[in-house]
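# Notes for the structure review
Here is how the chains run, residue by residue.
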Amino acid sequence: MADAVRAANADAAWGGCPAGDGEDTLILSADLTLEGELRDIRSTITIQGKGHRLSGADMFRIFYVVDGGSLTIHNLTMTAGRSNSDGGAILVDNGTLTVHNSTISNSWSGNLGGGISALHSDVTLNSVLLSGNSSSSSGGGIHFDTDETYRLSISSSTFAGNSTHGGVRRGGNGGAVYLEGGQAVIIKSAFADNQASQRGGGIHNAATMSIENSTFYGNRAVQGAGLYTKGDSITTLTHL
């Protein structure tokens, strides 16, 4: 996997992998466990997981998308990612992330976004399960921090058993999702048994967000067990 990402980024042969050519597709043929962090993704890459499992071995972040890179993931289980900073499984910084029919589970961040941390990036999740992820600050499942230009889109997805454990001085908000700026649209999704040590066991919203045809149950927090909306942020709820 590491050599394939390098070849795709550089459009040059690497480690037995053929040269990439613009937009590249990588197809997994077996379960993989990382032995080190993968190269940053700075080009346009699609990963066809074919139902396989990619593990960070509780040691490594799995993907880092940066500087205009674009990553699309299909049918892949990403598990046991770990980062002492942001994004236990995936960190996307000034890039684009799209995930379909996949799982992000049991990953940990020492700061923001146990599953995914996104900064100034567009993120789309369709039929994705985020479960058992945790962070030491905010956003157990996802931490999304941007300006109004960017968008988080979630559809037909489930957030279960994610948590964040920061104290009063260190976050502890958004057990499943933490939003800080930008726009978020959530449709036909479920938030169950997520926990925040401070606010927003399901979602902490400091952005503009709409939620439609979605369910919240069993979430826990000091304030806003299911949903917490900060200050003059906007939350629109339809058919909950």
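Definitions and limits used
Residues numbered from 1 in each chain as written. Predicted model: local features only at pLDDT ≥ 70, side-chain atom pairs only at ≥ 80, totals over all residues. Heavy atoms only, no water. Helix = DSSP H or I, 4+ residues; strand = E, 2+ residues; numbered from the N terminus. Buried < 20%, exposed > 50% of the residue type's maximum accessible area, 1.4 Å probe, protein only. Contact = heavy atoms within 4.5 Å. Areas by Shrake-Rupley, 256 points an atom, 1.4 Å probe, with all protein chains shown as cover. Phe/Tyr/Trp six-rings, centres within 6.5 Å; stacked < 30°, edge-to-face > 60°. Pairing = 2+ DSSP bridges. Salt bridge = Lys/Arg side-chain N within 4 Å of Asp/Glu carboxyl O.

### Focus: the overall build of the protein chain
Helix and strand content of the protein chain: 1 helix and 25 strands. Buried residues in the protein chain amount to 51% of all 240 residues. Nonlocal contacts in the protein chain, meaning residues at least 24 apart in sequence, comprise 74% of its contacts between residues at least 6 apart. For the protein chain, the exposed area adds up to about 9800 Å²; of that, 45% sits on carbon and sulfur atoms.

### Considering the packing of aromatic side chains
For the structure shown, the criterion picks out 2 aromatic pairs. Arranged with centres 4.8 Å apart and planes meeting at 5°, the rings of Phe159 and Phe191 form a pair that is stacked. In this pair, Phe159 is assigned in strand E17 (residues 158-160) and Phe191 in strand E20 (residues 190-192), connecting sequence segments 32 residues apart. Given a relative accessible area of 0%, Phe159 falls into the buried group.

### Side note on the sheet that holds strand E14 (residues 134-135)
Whenever strands of a sheet pair, they do so through backbone hydrogen bonds, lying parallel or antiparallel. Taken together, the 5 strands give an open sheet; going across it, the order is E8-E11-E14-E18-E21, and neighbouring strands pair in parallel fashion. Taken across any chain shown, the strands that pair with only one partner, and hence form the sheet edges, are strand E8 (82-83) and strand E21 (195-196).

### Some words on the pairing of strand E10 (residues 96-105)
Burial within E10 is extensive, with 8 of its 10 residues counted as buried. Of the strand pairs in this sheet, strand E6 (residues 70-74) and E10 are connected by 5 bridges, and their pairing is parallel. Bridged to His74 within E10 is His100. Where strand E7 (residues 77-79) and E10 come together, 3 bridges link them in parallel fashion. The partner of Thr79 across the bridge, within E10, is Ser105. Relative to strand E13 (residues 122-131), E10 runs parallel, the two sharing 9 bridges.

### Here we look at the environment of Leu28
With respect to the helices and strands, Leu28 occurs in the loop between strand E1 (24-27) and strand E2 (32-33). Expressed as a C-alpha distance, the spacing of Leu28 and Gly51, which sit 23 residues apart in the sequence, is 8.6 Å.

### Overview of the pattern of salt bridges
A full pass over the atoms with the stated rule returns 2 salt bridges. Its salt-bridge partner being Arg42, residue Asp40 comes within 3.1 Å of it at the nearest N-O pair. Given the relative accessible area of 24%, Asp40 is considered partly exposed. Taking the shortest distance from any N to any O, the salt bridge between Asp67 and Arg42 comes out at 2.4 Å. Of this pair, Asp67 sits in the loop between strand E5 (63-66) and E6 while Arg42 is found in the loop between E2 and strand E3 (44-48), placing the two residues 25 residues apart along the sequence. The class for Asp67 is exposed, based on a relative accessible area of 53%. Judged by relative accessible area, Arg42 falls into the partly exposed class, the value being 44%.

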